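# Structure assessment
These are the residues of each chain, in order.
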Amino acid sequence: MGKTIAEKIFESRLVDQPTPDTFVLRLDAVFCHEITTPVAINDLVARDKDRVFDPGKIKAVIDHVTPAKDSKTALQGKIIREWASRHGITDFFDIGRNGVCHALFPEKGFVRPGYTIIMGDSHTCTHGAFGAFAAGVGTTDLEVGILKGVCAFRAPETIKIQVDGNLPQGVYAKDVILAIIGRLGVNGATNKVIEFCGPAIDAMSMEARMTLCNMAIEAGGTCGICAPDAVTVDYLWPFIKDEFDSQETALKAYSVYRPDPDALYSQTLKIDVSKLEPQVTYGFKPDNVKTVSQMTGTPVHQVYIGSCTNGRIEDLRVAAQILKGKKIKDNVRAIVSPATPDIYGQALKEGIIEIFMQAGFCVTNPTCGACLGMSNGVLAEGEVCAATTNRNFNGRMGKGGMVHLMSPATAAACALAGAIVNSEQFKG
Amino acid sequence: MKSFNGNILFLDRSDINTDEIIPARYLTEVTKEALKPYLLEDLNMEEFDAAAGIKDKSVIVTRANFGCGSSREHAPWALEVNGIHIVIAESFARIFRQNMFNCGMLAIELDKNTIDRLFSRFAGKPCKLETDFENSRLIFRADQLDETIAFEISDFDRALVNAGGWVDYADSNY
């Protein structure tokens, strides 16, 4: 019987199966940030088990609130900084080198096809874009991952989503995943892996695939996953060129993590995107999805472009194309947060930052801050934000605020119009 | 082992997410105890007053997909420091459910009909739960009403509760 990508990874990393449905896996990487890790560190210290399984496999960053906004966030930074130092965790990214974890770690080459990765962050599913099994976990799982390099999962039942067709102008990976979540519902993939495939996925860049996989959790999915292909190898090439004599050899090696044609899926869903319209959310759940045309004219107070979903260079390029030579509406405030220092630097080089500033955007340093209402763009009661982020939960960007999720193109257009609008009208 | 008995808080809504259970603005805390005053502060449910709703409650009974969204274990911790060690629902989000068992707490799934019946029989009345963990039974009691319901959990989840959580289990097994 054939196997899915996740089944192949589970088989290759299995350490123990204490019950038929419990798979304890060896971890290739444990990612850490300053919000969920300090409690794990404090607990390990309290248990007199302040050790790490392998400092080379632990990657840590301060990204949620950076620079620290108060004494409490400064303390969180201090705890993870001192912990990284005393355990020789050299891949620790402090201020000046730090960025949003799910943008930064792939950019540093820390993700490979077949890897098992956990992090105390639900959007860890992003890294499945590389053909890895990457799952968000709580602090206790993280703590055991740090200490022992293992994590327990249930059997990786998989939903296959085949995405056919070419994306129309003004429609992006974000619109595809919003449409998919709208169909699956917020628990349509609970306890399941979502395997994305089909011509539209094959045509996507790694950045777009990361946007797609990033939001698997919004349908309840454990991990979003794309089969490794030539696009994956091309992205990884600077990091793997000493391991393989050519990209073809690398592709052949990674192809063991492609699904078998006769793999068994719990559900198969087909979606044709060739006529897909730009999507936007309207309520307090990510599956409350409508087309932009259904929501046109809804006023917004703030526009936010950034986050682990859509703060990458491609996202900034798309937004800048729409903003170039134009000004945001007087009664709107707009914020852009390039997700990593490299993205920021590249955007500077390409003149993108200047376009944002000329248009009236505030450009912040890389941080998660505003997305979860912690810093750098919190909403007041009754305010509405057009955001390229991943969650529209009640109070998510600030108590009493409303968030509409959308693509960077639509968000840029919202900044110009002061209301939800299709980006196509600002093209050219 | 923790206590899984006490007064029940009924939350009649599906998809209650971890931002509603404990908003991100309180994630700057590095101790569990500091989360205590903020449990369910952003719960989007009409006429729900968090402080009054939680008072003296040790059990939550709710609908589908409880604990969806963020992976924050602060959500189970906020329950734990308020003395709530058991949540009974139609279904749970994966990470939340795992976090509950990892902390040695119970996330019990019952089918929709049973949850519907519990709401219609017991919600709105003062009622208590007694949990017979060994025999996998939940005993609901209200004035002149009681009902015993069997529950299922996997052997692994049971082992985690008996071990007091995943850290101790993993440390002695791996």
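Here the structure is a predicted model, which is why all the values come from computation and not from measurement.

Definitions and cut-offs
- Residues numbered from 1 in each chain as written.
- Chains lettered and ligands numbered in written order.
- Predicted model: local features only at pLDDT ≥ 70, side-chain atom pairs only at ≥ 80, totals over all residues.
- Heavy atoms only, no water.
- Domains from an automatic or database assignment.
- Contact = heavy atoms within 4.5 Å.
- Buried area = accessible area lost by both parts, 1.4 Å probe.
- Salt bridge = Lys/Arg side-chain N within 4 Å of Asp/Glu carboxyl O.
- Polar contact = N/O pair within 3.5 Å; in protein donor to acceptor, adjacent residues only side chain to side chain.
- Axes fitted to C-alpha atoms, helices over the stretch in contact; angles between N-to-C directions.
- Helix = DSSP H or I, 4+ residues; strand = E, 2+ residues; numbered from the N terminus.
- Parallel < 35°, antiparallel > 145°, perpendicular 65-115°, else oblique.
- Left-handed = near helix turned anticlockwise from the far one by under 90°.
- Buried < 20%, exposed > 50% of the residue type's maximum accessible area, 1.4 Å probe, protein only.
- Nonpolar A, V, L, I, M, F, W, Y, C, P; charged D, E, K, R; others polar.

## Quick notes on the domain arrangement of chain A
It is common to give the size of an interface as the accessible area that goes away when the parts come together. All names here are of chain A. Under the domain assignment used here, chain A contains domain 1 (5-154), domain 2 (158-272) and domain 3 (280-426). Contacts between domain 1 and domain 2 engage 28 residues on the former and 31 residues on the latter. Summing both partners gives a buried area of about 2400 Å² for domain 1 against domain 2, and 65% of it is carried by carbon and sulfur. Counting the contacts that link domain 1 with domain 2 gives 2 salt bridges. With its nearest N and O atoms 2.9 Å apart, the salt bridge here joins aspartate 260 to lysine 8. There are 10 residue pairs in polar contact (both at pLDDT 80 or more) connecting domain 1 and domain 2.

## Regarding the packing of helix H2 (residues 37-46) of chain A against helix H3 (residues 71-86) of chain A
To describe two helices that pack against each other, one gives the angle between their axes and the distance between the axes. Residues and elements named next belong to chain A. One can describe the packing of H2 onto H3 by two numbers: an axis separation of 9 Å at closest approach and a directional angle of 60 degrees. The angle between H2 and H3 falls in the class oblique. As H2 runs across H3, the sense of the crossing is left-handed. Contact residues: Thr37, Pro38, Ile41, Asn42 and Val45 in H2; Gln76, Ile79, Ile80, Trp83 and Arg86 in H3.

## What to know about the pattern of salt bridges
Residues and elements named next belong to chain B. Tallied over the entire structure, the rule returns 40 salt bridges over all chains. When the shortest N-O distance is used, the salt bridge between lysine 2 and glutamate 80 registers 3.3 Å. Of the two residues, lysine 2 sits in the segment before strand E1 (6-11) while glutamate 80 sits in helix H3 (residues 74-81), which places them 78 residues apart along the sequence. Lysine 55 is the salt-bridge partner of aspartate 56, the closest N and O atoms lying 3.6 Å from each other. Just as aspartate 56 is exposed, lysine 55 falls in that class too.

## Focus: the environment of leucine 25 of chain A
All names here are of chain A. Inspection of the secondary structure puts leucine 25 in strand E2 (residues 22-26). For leucine 25, a relative accessible area of 0% gives the class buried. For leucine 25 and isoleucine 117, which are 92 residues apart along the polypeptide, the C-alpha to C-alpha distance reads 9.9 Å. For leucine 25, the residues in contact, after removing those within four places along its chain, are Phe10, Arg13, Leu14, Val15, Thr116, Phe133, Gly149, Val150, Cys151 and Phe153.

## Concerning the packing of helix H13 (residues 313-323) of chain A against helix H14 (residues 341-349) of chain A
Residue and element names in this part refer to chain A. Here H13 crosses H14 at 35 degrees, and the two axes come no closer than 10 Å. When the axes of H13 and H14 are compared, the crossing they make is right-handed. Touching Ile313, Leu316 and Arg317 of H13 are Ile343, Gln346 and Ala347, all from H14. Residue composition of the contact of H13 with H14, grouped by class: 4 nonpolar, 1 polar and 1 charged.

## Overview of the interface of chain A and chain B
In this assembly, 54 residues from chain A lie in contact with 40 residues from chain B. Taken together, both faces of the contact between chain A and chain B bury some 3900 Å²; the carbon and sulfur share is 55%. On the surface where chain A and chain B come into contact, there are 8 salt bridges. Note that aspartate 168 of chain B is salt-bridged to arginine 47 of chain A, the shortest N-O span being 3.0 Å. In this assembly, chain A and chain B are joined by 22 residue pairs in polar contact (both at pLDDT 80 or more). Among the elements that take part in the side of chain A that touches chain B, helix H5 (residues 139-148) of chain A stands out by supplying 7 residues, more than any other. The residue makeup of the side of chain A that touches chain B, split by class, is 22 nonpolar, 18 polar and 14 charged.

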